[in-house]
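Residues per chain are reported as follows:
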Amino acid sequence: MTKDEFLLRFNLLQLAESEHNYQHHLPLRSAAVLIALVESEIDGSLQVLLTKRASHLKHHPSQVSFPGGKVEPADASLIDTALREAFEEVGLSRQAITVVGQLPPYETISGFHVTPIVAIVASAQTYQMDENEVAEIFQVPLQHFLTTDKHHVFVASKNGKQHKVHFMPYKHYHIWGATAVMLKDLVAHIN
């Protein structure tokens, strides 16, 4: 899928509310992630930028995720949070990013209220990985997620309640949880 095809589909459709929320007893912490779609210099197709989180992190260690994190007091907006975090984690320059919108917020089982910010990145960048937060940076063709045979759901139990867990394998990567749901929501929005 090219940038023009994506933008046409993304901008024509209304966003649906996310159905993946949990009942939390404590206040949720606000966060934002950047769904960065990198435009290929070869054929113009879009690649989804993902990271594998460092194994020592308190929240979601070693999981595949989008660049992002919690809102800081100095952040002017959720977009600012996503762009700041993308720069801190992978060195993605704000000048290389064109924000095109956002998906509905998602409540994680770990107590975050996460807003996915969708953006186009003009071409492949030279990334600078913060090894304290990120173990690996990689890209997956957006096309991989467009076919629903790559989408899997299983049921898990936590605190006596059952929850759907989404899973989208790619090569040796296990993309699951909030990241997989956000990808599912993005695909549902543009299909």
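Remember, predicted model here, so these are calculated numbers, not experimental data.

Here is what the cut-offs are and how they apply
Residues numbered from 1 in each chain as written. Predicted model: local features only at pLDDT ≥ 70, side-chain atom pairs only at ≥ 80, totals over all residues. Heavy atoms only, no water. Phe/Tyr/Trp six-rings, centres within 6.5 Å; stacked < 30°, edge-to-face > 60°. Helix = DSSP H or I, 4+ residues; strand = E, 2+ residues; numbered from the N terminus. Buried < 20%, exposed > 50% of the residue type's maximum accessible area, 1.4 Å probe, protein only. Polar contact = N/O pair within 3.5 Å; in protein donor to acceptor, adjacent residues only side chain to side chain. Contact = heavy atoms within 4.5 Å. pLDDT = per-residue confidence, 0-100. Salt bridge = Lys/Arg side-chain N within 4 Å of Asp/Glu carboxyl O. Pairing = 2+ DSSP bridges. Axes fitted to C-alpha atoms, helices over the stretch in contact; angles between N-to-C directions.

1. Section: the packing of aromatic side chains
- Considering all chains together, one arrives at two aromatic pairs under this definition.
- Note on Phe6 and Phe10: the rings are 5.5 Å apart at their centroids and 20° apart in plane angle, and the pair reads as stacked. Pair noted here: Phe6 and Phe10 are both in helix H1 (residues 3–12), with a separation of four residues, about one helical turn. Comparing Phe6 with Phe10 shows no difference in burial state: the two are buried.

2. Details of the side chain of Thr179
- Position of Thr179 relative to the elements: it lies in helix H4 (residues 178–190).
- At 3.1 Å, the side chain of Thr179 and the backbone oxygen of Val64 are in polar contact.
- In contact with Thr179, not counting residues within four places along its chain, are Leu50, Val64, Ser65 and Phe66.

3. Here's the deal with the confidence of the model for the chain
- In this model, the chain carries an average pLDDT of 85, and 87% of its residues clear a pLDDT of 70 or more.
- Mean pLDDT across the elements of the chain bottoms out in strand S9 (residues 152–158) (77) and peaks in helix H2 (residues 78–90) (96).

4. A closer look at the side chain of His144
- Tracing the chain through its elements places His144 in helix H3 (residues 142–146).
- By relative accessible area, which is 15% here, His144 ends up buried.
- Within the structure, the side chain of His144 is placed 2.9 Å from the backbone oxygen of Pro169, a separation counted as a polar contact.
- In contact with His144, other than residues within four places in its own chain, are Lys150, Pro169 and Tyr170.

5. What about the pattern of salt bridges?
- By the definition in use, this model includes five salt bridges.
- If you follow the salt bridges from partner to partner, you end up with Asp75, Arg84, Glu85 and Glu88 in one network.

6. Overview of the sheet that holds strand S11 (residues 173–176)
- Judged by pairing direction, the sheet is antiparallel, and its three strands sit side by side in the order S9-S10-S11 without closing on themselves. At either end of the open sheet lies a strand with only one pairing partner, and these are S9 and S11. Pairwise comparison of adjacent strand axes, ignoring direction, gives a mean angle of 40° for this sheet.
- Where strand S10 (residues 161–170) meets S11, four bridges bridge the pair, whose relative direction is antiparallel. Paired with Phe167 across the strands is Trp176, a residue of S11.
- Of the strands in this sheet, S10 and S11 touch H4, which is tilted by about 75° from S10.

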